[in-house]
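A look at the structure
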Amino acid sequence: DGTGDWITTGDSTDFTLGTEFRFDARVRPATSGTLMYVAGQGNSTPTASSSSIIISRATSNFIVFEISNSSAFVTLTGTSAVTAGAWKTITATLVSSVATLYVDGVVDATAAFTSGTVNNSVEDFRIGAGGERTTDPWNGWIDEVRLQVGAGTALTAAFTVPTVPFFQGGTCFGLT
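The paragraphs below set out a description of the structure included in this document. Just so it is clear, the structure is predicted and the values come from calculations on it, not from any experiment. (Residues numbered from 1 in each chain as written. Predicted model: local features only at pLDDT ≥ 70, side-chain atom pairs only at ≥ 80, totals over all residues. Heavy atoms only, no water.)

**What to know about the environment of Val27**
- Following the sequence through the fold, Val27 ends up in strand β2 (residues 21-29).
- Taking the C-alpha atoms as reference points, Val27 and Ile90, separated by 63 residues in sequence, lie 7.3 Å from one another.
- Discounting residues that sit within four places of it in the chain, Val27 has contacts with Val38, Val82, Ala86, Trp87, Lys88, Ile90, Trp138, Trp141 and Ile142. (Helix = DSSP H or I, 4+ residues; strand = E, 2+ residues; numbered from the N terminus. Contact = heavy atoms within 4.5 Å.)

**Re the environment of Thr134**
- If you trace the backbone, Thr134 turns up in the loop between β10 (125-127) and β11 (140-149).
- Judged by its relative accessible area of 29%, Thr134 falls in the partly exposed class.
- Between the alpha carbons of Thr134 and Val107 there is a distance of 28 Å; along the sequence they are 27 residues apart.
- What Thr134 contacts, discounting residues up to four positions off in sequence, is Trp6, Arg126 and Ala129. (Buried < 20%, exposed > 50% of the residue type's maximum accessible area, 1.4 Å probe, protein only.)

**Considerations on the pairing of strand β6 (residues 73-77)**
- Residues of β6 alternate between two faces, with Val74 and Leu76 buried on one and Phe73, Thr75 and Thr77 left unburied on the opposite face.
- The hairpin formed by strand β5 (residues 63-68) and β6 contains four residues between the paired strands, and Ser70 there has a positive phi angle of roughly 95°. (Pairing = 2+ DSSP bridges.)

**Thoughts on unusual backbone geometry**
- A cis amide bond links Thr45 with the next residue in sequence, Pro46, at an omega value of -25°.
- Take Pro46: it is sitting in the loop between β3 (36-41) and β4 (53-57).
- Phi is positive for Ser96, close to 50°, though the residue is something other than glycine.
- Summarising the element assignment, Ser96 is placed in the loop between β7 (88-95) and β8 (98-103).
- On the basis of relative accessibility, which here comes to 62%, the residue Ser96 falls in the exposed class.
- Its identity is not glycine, yet Asp104 carries a phi of approximately 55°, on the positive side.

Right, here's the structure in full:
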């Protein structure tokens, strides 16, 4: 119902995103035209000095991927609508100083991230909210969430979205 529904985990070294990472999630919003947060790690404001990444769906129905270098955000705004009732696969990556947002396996936005490493936030990581920013939580469904950190995890080109769960019978799908 979009009211207080999110998953919270405290900060961990597992969330030190460094210079290469990949975040995946399948989302299905229940409404269109409202701001909703998919996931993030940052304070309630949020500020660049306290955040690592924040992923939301803007009132325009486009996905917004914000990535912090500790002094400023690099913001990518997609162009593919993510509207009520439709499942979409969202992937946000950083590799070789390029941040990329994919929707359903297609590059939706890119931007240079030349500042080195992603800010190492100490805030809680949340799925269904923008980190400590719990106003405008996700209203709908989120499935198949995955965060991978380190070399070889991020994408560099469009990809075919898996039609099966990430882990099935001991096999991991969707990795390149």
